[in-house]
Amino acid sequence: MALILYKSNRLEQLFGDLVEDVLRTPLSSPFRAEQMIVQTQGMAQWLTLEICRKMGVTANIEFCFPRKFLGNLFDQLLPAPNTPIEPEALTWRIMATLDAMIGRPGFEGLRNYLETSPDPRRRFQLAERIARLFDEYSVYRPERIDAWIKGQEGDDPVERWQAALWREAMTGDLACQGKFLFDLNERLLASDLPSGNLPERLSVFGAGSLPPVYLKMFEALGRQIPVHLFCLSPCQEYWGDISSVTESRRLLEKTGDGSAGADEIHVERGNAILAACGKTGREFLRLLTDLECQEVESYIGPEPGSLLRSLQSGMLHLRESPDASEAAVKQEDRSVQVHSCHSPLRELQVLRDHLLDWFARDETLSPGNVLVMLPDIEAYAPFVGGVFDNAEEGAPSVPYTLAGQGARGQSPIVDAFVSLLRLPSSRWTTTGILTFFETSAVRRRFGIEETDLPQIRQWIQSAGIHWGRDAGHREELGLPAFAGHTWEEGRDRLLLGYAMDDEPSGNVGGLWPCAGIEGTSTELLGRWFDFQEQLFATLEALSKERSLEGWAELLNDCMDALFLADATGEVTVNRIRQVIDELRQQQQASDFE
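Residues numbered from 1 in each chain as written. Predicted model: local features only at pLDDT ≥ 70, side-chain atom pairs only at ≥ 80, totals over all residues. Heavy atoms only, no water.

### Details of the overall build of the protein chain
No. 1: When helices and strands are tallied, the protein chain shows 25 helices and six strands.
No. 2: Within the protein chain, the fraction of its 593 residues that count as buried is 40%.
No. 3: Restricting to contacts in the protein chain with at least 6 residues of sequence separation, those with at least 24 account for 71%.
No. 4: Summed over its atoms, the accessible surface of the protein chain is roughly 33100 Å², and 50% of this surface lies on carbon and sulfur atoms. (Helix = DSSP H or I, 4+ residues; strand = E, 2+ residues; numbered from the N terminus. Buried < 20%, exposed > 50% of the residue type's maximum accessible area, 1.4 Å probe, protein only. Contact = heavy atoms within 4.5 Å. Areas by Shrake-Rupley, 256 points an atom, 1.4 Å probe, with all protein chains shown as cover.)

Next comes the structure, spelled out in structure tokens:
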């Protein structure tokens, strides 16, 4: 058994090593799943496609994130009544603890922050930030947590209130994941560990950075089963000690009177790009160097001929690129380009034009060979379809897949559920409510077809409905209490039109009836009123405070009352219910009321 570390500057080379050294050798049973750890969903999707292309099929591979895998391993090897409290549950516990401690000395900074806004969400966001910080402390700085438990903290006022808050919140057997990971590490090092509870082998692919304690887990696990760690590294030399210009200046200023030179204190510059942009990679390389493992290096040097390859060669050999000067770059060289665009939409338009140009110039290049990296996928996702799905007439299409995107934007049911949660604090505009209603799962619940939507829109327009439930709702929003153009007034006008003659004239009790409501349209009107009644009752319920368990029960009721998914959408509905059920679990773990 061993931990085997694969390093390369090319992802496809790492994938080749994965196939030849791991996947070509079948597991002892075809019913055992191949365990593979990735850090992003996009990497899991890429591996799935590439394995299928290389081996003909992808089956029985279980992709998992590092934290989830180690949590499952802990449950199998150290079953105990107390489990690590997750940051989501810890958030609620810290919220309750903050209420009791915010008035104490030392908490003035937090108190001033919360008092700047009456919005209760600010308290939740602060508690969420602190909970994630405590969880990271337990993994990256366990010695600090140990000192807090012993009642020791430094003179830093920030650390003092953090320590006090930690001790108050983490009572009893509560602990973050760091403590349990150290317990798991000791168990993995034991000689009496039953192999039946472990996977047959483990592959960690494409890791760019991992916490030190995670690497210790994989190192300890490597003593029991084969563990293959595949890491991208742009440099074949050791580059963990190089420093950027800024870091070098700081070192020189701290050395004596600041007059020493870089050579005198042995500051290594190496490659400027790696030094300036590779801090995370340098730190990860230092951690990898300390592992007891077998190393397999598969670096591939780029062929000369372009600015990009020159830069890659300089990073690979840890030197400045001699051909990257302005004078050495050929005028026709377009291997590295920088475009300044005024918006994300324009960036995507320029990208599409260049992709079409590259595909036209190089017949061997296909969309499957192109990876587009975005700083924030959620900011660009709304524009991707508009640019790549709506090509000009006669222009070739560019197929694409969005990876790493959240559930929103990928499922109309998720979008509708989120919009439902936002409606109670809104003005209940016709646009907002119709957008929610037009979701197919919502219409299906009330038996309304897409072809019925024009008639419903016409009723809303003729009834003069704009916003607001009624006069009382507008008053709650701090506006004059008038009923004109509200949903209630519009409903009354439609009902009057149904009850009166085909061509009603004059107003009745101050209301003008709507004409043309007769025949089969009356059944549709009844179903539309059923939706309004159910939605408005739901929005009233969503406006009240309740416990986490109460919210879980209410949200499940909302799914039953307002959504009816088809076979395709049922998976999404089940996922939403799982997220809702996590509220119950968080209340049980945090004791938050």
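### Quick word on the environment of Ala481
No. 1: Locating Ala481 in the fold gives a position in the loop between α21 (471-476) and α22 (487-499).
No. 2: For the pair Ala481 and Asp470, spaced 11 residues apart in sequence, the C-alpha separation works out to 8.2 Å.
No. 3: Once residues lying within four places of it in the same chain are set aside, the contact partners of Ala481 are Ala471 and Glu475.

### Thoughts on the packing of aromatic side chains
No. 1: Counted by the stated rule, this structure contains 23 aromatic pairs.
No. 2: Plain terms: the ring middles of Phe205 and Phe230 are 5.5 Å apart, the flat faces sit at 45° to each other, and that makes the pair tilted. Here Phe205, found in strand β4 (residues 202-205), pairs with Phe230, found in strand β5 (residues 227-232); they are 25 residues apart in sequence, far enough to count as distant.
No. 3: A residue is classified by how much of its surface remains accessible, and Phe205, at 1% relative accessible area, is buried.
No. 4: Judged by relative accessible area, which is 0%, Phe230 ranks as buried. (Phe/Tyr/Trp six-rings, centres within 6.5 Å; stacked < 30°, edge-to-face > 60°.)

### Section: the sheet that holds strand β2 (residues 34-37)
No. 1: Read from one edge to the other, the open sheet built from six strands follows the order β3-β2-β4-β5-β1-β6, with strand pairing classed as parallel. Each of the sheet's edge strands pairs with one partner strand only, and the pair in question is β3 (61-64) and β6 (294-297). In this sheet, neighbouring strand axes are inclined to one another by 20° on average, regardless of whether the strands run parallel or antiparallel.
No. 2: Two elements, β2 and β4, share three bridges in a ladder whose sense is parallel. From the neighbouring strand, Ile37 faces β4, where its bridge partner is Val204.
No. 3: Sitting on the sheet, helix α3 (residues 66-77) is in contact with β2, β3 and β4, with an inclination near 110° to β3. (Pairing = 2+ DSSP bridges. Axes fitted to C-alpha atoms, helices over the stretch in contact; angles between N-to-C directions.)

### As for the environment of Glu303
No. 1: Residue placement: Glu303 occurs in the loop between β6 and α14 (307-316).
No. 2: Sequence separation between Glu303 and Ser313 is 10 residues, and the spatial gap between their C-alpha atoms is 8.3 Å.

### Details of the pairing of strand β1 (residues 3-8)
No. 1: Burial analysis of β1 places six of its six residues in the buried class, which makes it a mostly covered element.
No. 2: Here β1 shows two buried faces, one formed by Leu3, Leu5 and Lys7 and the other by Ile4, Tyr6 and Ser8.
No. 3: Pairing of β1 with β5, which is carried by six bridges, proceeds in the parallel orientation. Across the sheet, residue Ser8 finds its bridge partner in β5, namely Leu232.
No. 4: Sheet topology places β1 next to β6; four bridges connect them, and they run parallel. Looking across to β6, one finds that Leu5 is bridged to Glu295.

### Topic: the nonpolar core
No. 1: Formed by 77 residues in total, the largest nonpolar core has its most connected members in Ile94, Phe436, Trp528 and Phe563.
No. 2: Considering every element that reaches this core, the biggest residue donor is helix α23 (residues 521-542), with 10 residues.
No. 3: Those residues within four positions of Ile94 in sequence are excluded, and the remaining contacts are Ala127, Ile130, Ala131, Phe134, Leu165 and Ala169. (Core = buried A, V, L, I, M, F, W, Y, C linked by side-chain atoms within 4.5 Å.)

### Comments concerning the pattern of salt bridges
No. 1: What the rule picks out here adds up to 22 salt bridges.
No. 2: When the shortest N-O distance is used, the salt bridge between Glu12 and Arg10 registers 2.7 Å.
No. 3: By relative accessible area, which is 35% here, Arg10 ends up partly exposed.
No. 4: The residue Arg361 makes a salt bridge to Asp357 at a minimum N-O spacing of 2.9 Å. Placement of both Arg361 and Asp357 in helix α15 (residues 344-361) is noted, with a separation of four residues, approximately one turn of the helix. (Salt bridge = Lys/Arg side-chain N within 4 Å of Asp/Glu carboxyl O.)

### Focus: the side chain of Ser298
No. 1: Mapping Ser298 onto the fold places it in the loop between β6 and α14.
No. 2: Within the structure, Ser298 has its side chain in polar contact with the side chain of Asp17 (distance 3.3 Å).
No. 3: Once you skip the residues sitting within four places of it in the chain, Ser298 turns out to touch Lys7, Ser8, Asn9, Gln13 and Asp17. (Polar contact = N/O pair within 3.5 Å; in protein donor to acceptor, adjacent residues only side chain to side chain.)

### Considering the confidence of the model for the protein chain
No. 1: Put simply, the protein chain has an average pLDDT of 86, and 92% of its residues get 70 or more.
No. 2: No element of the protein chain has a lower mean pLDDT than helix α11 (residues 245-254), at 72, and none a higher one than β4, at 96. (pLDDT = per-residue confidence, 0-100.)

### Considering a negative patch on the surface
No. 1: Together, Glu549, Glu553, Asp557 and Glu593 make up a region of like negative charge exposed at the surface.
No. 2: Tracing the sequence through the fold places Asp557 in helix α24 (residues 548-562). (Patch = residues over 30% accessible without salt bridge, like charges linked within 9 Å, V, L, I, M, F, W, Y side chains within 5 Å. Lys, Arg positive; Asp, Glu negative; His and termini not counted. Charge placed at Lys NZ, Arg CZ, Asp CG, Glu CD.)

### Some words on unusual backbone geometry
No. 1: For His485, which is not glycine, the phi torsion reads 65° and is therefore positive.
No. 2: Positionally, His485 belongs in the loop between α21 and α22.
No. 3: Positive phi values are uncommon outside glycine, yet Asp591 reaches one of about 60°.
No. 4: With respect to the helices and strands, the residue Asp591 is situated in the segment after α25 (570-590).

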